[in-house]
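These are the residues of each chain, in order.
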Amino acid sequence: LFICTANATAPPTSSKEFRQAIAYTADRQRFTDTVLYGLAGAPQDLPWAPQSPASEPPKNGLYGYDLDKAKALVAKSGLSDFSMDITYATGGLQQEYTLLAQILQSELAKIGITATLKQVEPGVFLDQQIKRSYKGIILSAGAYAHLQESSFLFNSSRTFHNNGDFSSTGIK
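Because the structure is predicted, anything quoted here is derived from the model rather than measured.

Basis of the calculations
Residues numbered from 1 in each chain as written. Predicted model: local features only at pLDDT ≥ 70, side-chain atom pairs only at ≥ 80, totals over all residues. Heavy atoms only, no water. Core = buried A, V, L, I, M, F, W, Y, C linked by side-chain atoms within 4.5 Å. Buried < 20%, exposed > 50% of the residue type's maximum accessible area, 1.4 Å probe, protein only. Helix = DSSP H or I, 4+ residues; strand = E, 2+ residues; numbered from the N terminus. Contact = heavy atoms within 4.5 Å. Salt bridge = Lys/Arg side-chain N within 4 Å of Asp/Glu carboxyl O. Pairing = 2+ DSSP bridges. Right-handed = clockwise from strand over helix to strand, strands pointing away.

Undergrad: How do you make sense of the nonpolar core when you look at a structure like this?
TA: A general trend in soluble globular proteins is that nonpolar side chains are found buried together. Grouped together as the largest cluster of nonpolar side chains are 27 residues, with contacts concentrated most on Met84, Ile86 and Leu139. Counting only elements with at least two residues in this core, the list comes to α1 (16–25), α3 (67–76), β2 (83–89), α4 (94–109) and β4 (136–141). Beyond its immediate chain neighbours, meaning those up to four positions away, Leu139 contacts Ile3, Cys4, Ile86, Thr87, Tyr88, Tyr97, Leu100, Ala101, Leu104 and Phe125.

Right, here's the structure in full:
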C-alpha cells in the first residue's frame with residue numbers, strides 16, 4: 001500500500017484543485033505494471049482491500065489518469081507557482097519510492113508542475129510528516145494496513161492520522 005499525502009496546510013497543495021490535479025496525474029497503472037510488476041493487483045484510490053467492509057469499489061477509480069482534467073484543474077487553482085517537492089525516506093522501500101517519485105515527477109511535468117525529488121533520512125522524514133513541514137507531497141506506505149480493521153488507519157496510523165489537516169468543514 002503506497003500512499004501519497006499532500007500537505008494541505010501550505011501552498012501549492014493547500015489548493016483543492018491543485019491536489020485534485022495531482023490525483024489525476026498519478027498514473028497508478030504504470031506504477032503497478034512497471035515497478036510492482038503487476039504483483040500488487042489493480043491500482044486503487046482507497047487504502048482498503050476489496051474484502052474490507054470499508055471497501056467502496058466505485059470510488060477506487062475516482063481519480064483515473066487524465067492529463068486534460070489535471071491541466072484544467074491546475075489552471076482553475078489560480079496559483080502562479082507550480083513547484084513542489086516529492087519527499088520520501090531512504091531505506092526500506094527506497095527503490096520503489098524512488099521509482100514512484102520519478103514517475104510522478106515526469107507526469108507532473110506534462111501539466112506544467114515542477115516537482116523536486118527530496119529523499120531524506122527516516123528520522124527527518126518522520127519529523128516532516130508529523131509536523132507537516134514538507135512542501136508538496138510525501139510518499140509513505142501502510143504495511144499490512146489491508147489486514148487491519150478499517151478504522152485502524154485513522155485511529156493509529158501516522159500516515160492517515162489527519163496528516164492532511166482535514167476536518168468535516170474543510171481544511172483547518
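Undergrad: What should I look at first to understand the environment of Lys118 in this one?
TA: Looking at where Lys118 falls in the secondary structure, it is placed in strand β3 (residues 114–120). In this structure the C-alpha to C-alpha distance between Lys118 and Ala89, which are 29 residues apart in sequence, comes to 8.4 Å. In this structure Lys118 touches Asp85, Ile86, Thr87 and Tyr88, once residues within four positions along its chain are discounted.

Undergrad: Please explain the pattern of salt bridges as it appears in this structure.
TA: Should their charged atoms come close, side chains of opposite charge can pair. Using the criterion set out here, one finds 5 salt bridges in the structure. As a salt-bridge pair, Glu56 and Lys59 come within 3.2 Å of each other at their nearest N and O atoms. Lys59 sits in the partly exposed class, given a relative accessible area of 42%. Members of the salt-bridge network, linked through shared partners, are Arg30, Glu107 and Lys110.

Undergrad: Sorry, what's going on with the environment of Ala115 here?
TA: Following the sequence through the fold, Ala115 ends up in strand β3. Exposure remark for Ala115: the relative accessible area of 7% places this residue in the buried category. C-alpha separation for the pair Ala115 and Leu104, spaced 11 residues apart in sequence, amounts to 8.3 Å. Discounting residues that sit within four places of it in the chain, Ala115 has contacts with Met84, Ile86, Gln105 and Leu108.

Undergrad: What exactly am I supposed to notice about α1 here?
TA: It helps to recall that an α-helix has 3.6 residues per turn; residues three or four apart then point in one direction. Buried residues dominate α1, accounting for 7 of its 10 residues. For α1, the complete set of buried residues consists of Phe18, Arg19, Ala21, Ile22, Ala23, Tyr24 and Thr25.

Undergrad: Can you help me understand the side chain of Gln128 in this one?
TA: The residue Gln128 is located in helix α5 (residues 122–131) in this model. When its relative accessible area of 18% is taken as the criterion, Gln128 is described as buried. Ignoring any residue separated from it by four or fewer positions in sequence, one finds Gln128 in contact with Thr87, Ser133 and Tyr134.

Undergrad: Even after reading the chapter, I still don't get the pairing of β2, so can you show me in this structure?
TA: Successive side chains on a regular strand alternate, one facing one side of the sheet and the next facing the other. Extensive coverage of β2 is indicated by the burial of 6 of its 7 residues. Relative to β3, β2 runs parallel, the two sharing 7 bridges. Counterpart to Tyr88 in the pairing with β3 is Gln119. Taken together, β2, α4 and β3 constitute a β-α-β crossover, and its handedness is right-handed. The sheet contact formed by β2 and β4 spans 3 bridges and is parallel. Looking at the pairing, Asp85 lines up with Gly136 of β4.

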